[in-house]
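Below, each chain spelled out in residue letters.
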Amino acid sequence: MASARAESLNTRAVILDNALPMFAEKGFAGVSMRDIARAVGISAAALYHHFPDKHSLYLETVHHAFTDVSQGFMDALKANVSAEKRLERYVRSLARQVSDNPVLRRFHQRMMLEGDEDMLKIMATKIFKDQYQAATDLARELAPGADAHMLVFSISGLVIHHFDMVSLRRCFRGHRKQHEDVDYIVDHVCNLLLNGLKGMAKQKPKRQQTKR
């Protein structure tokens, strides 16, 4: 009994590992259950035994892909070190994930392009909820008067943009090989953020303006 359950769990993991790059490349609509079954080497009926429909499989693929990643970010954000050091660890964790896992990065890009609101809400409320709260708390600690929500996405945007634009950056005068080094990017982003956050922390919060 235990052996059969272990085999079933292993098969599910193999299915999810194969589904991830396929969804990343072609999106939800571009991949069929039959395509995934063929890639895994099982029958379509066997695939439906593990996942009742493609939406269930896609949802489980999202969880499978991002849950461990989110935990890594949490470890960086909750470390027992200074706020500045937590920021550096968080930026480094982001940079490493973007650099070392191109399939996951592509999957994330595909999800943003497709804009499935239900799926994005699941990511926001179930997978990355704790990470977002911890990152927001860190932003408030570093710059109490700033817009913490915007800061959280500015931090991730700065990191991701450097990797998304690398092919274009190579075409510009001034590009150097070290600009593609993860540690160099992390140092650059952290220096930029910390210098900017110091200035934001000194500013008085602007009153929210209402339309007349």
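Rules used in this analysis
- Residues numbered from 1 in each chain as written.
- Predicted model: local features only at pLDDT ≥ 70, side-chain atom pairs only at ≥ 80, totals over all residues.
- Heavy atoms only, no water.
- Helix = DSSP H or I, 4+ residues; strand = E, 2+ residues; numbered from the N terminus.
- Expected span 1.5 Å × (residues − 1).
- Polar contact = N/O pair within 3.5 Å; in protein donor to acceptor, adjacent residues only side chain to side chain.
- Phe/Tyr/Trp six-rings, centres within 6.5 Å; stacked < 30°, edge-to-face > 60°.
- Buried < 20%, exposed > 50% of the residue type's maximum accessible area, 1.4 Å probe, protein only.
- Axes fitted to C-alpha atoms, helices over the stretch in contact; angles between N-to-C directions.
- Parallel < 35°, antiparallel > 145°, perpendicular 65-115°, else oblique.
- Left-handed = near helix turned anticlockwise from the far one by under 90°.
- Contact = heavy atoms within 4.5 Å.
- Nonpolar A, V, L, I, M, F, W, Y, C, P; charged D, E, K, R; others polar.

**A closer look at helix α9 (residues 148-164)**
Thought 1: In a regular helix each residue adds 1.5 Å, so 17 residues correspond to 24 Å; α9 covers 24 Å between its end C-alpha atoms and thus fits that length.
Thought 2: A side-chain oxygen of the first residue of α9 lies 3.2 Å from the backbone nitrogen of His149; this N-cap is Asp147.

**Points about the packing of aromatic side chains**
Thought 1: The tally for this structure, following the rule as stated, stands at eight aromatic pairs.
Thought 2: Where Phe23 meets Phe28, the ring centres are 6.4 Å apart and the plane angle is 15°; that geometry is what we call stacked.
Thought 3: Phe23 gets classed as buried once you look at its relative accessible area, which sits at 0%.
Thought 4: A relative accessible area of 27% means that Phe28 is categorised as partly exposed.
Thought 5: Plain terms: the ring middles of Tyr58 and Phe107 are 5.8 Å apart, the flat faces sit at 70° to each other, and that makes the pair edge-to-face. Here Tyr58, found in helix α4 (residues 54-77), pairs with Phe107, found in helix α6 (residues 102-114); they are 49 residues apart in sequence, far enough to count as distant.
Thought 6: Under the relative-accessibility criterion, Tyr58 is labelled buried at 3%.

**Things to note about the packing of α4 against helix α7 (residues 117-127)**
Thought 1: In contact at an axis separation of 11 Å, α4 and α7 are set at 40° when each is read in the N-to-C sense. Viewed along their axes, α4 and α7 adopt a mutual orientation that is oblique. For the pair α4 and α7, the sense of crossing is right-handed. Contacts from His55, Tyr58, Leu59, Val62, His63, Phe66, Thr67 and Ser70 in α4 reach Met119, Ile122, Met123, Lys126 and Ile127 in α7.
Thought 2: Taken together, the residues that form the contact of α4 with α7 break down as eight nonpolar, four polar and one charged.

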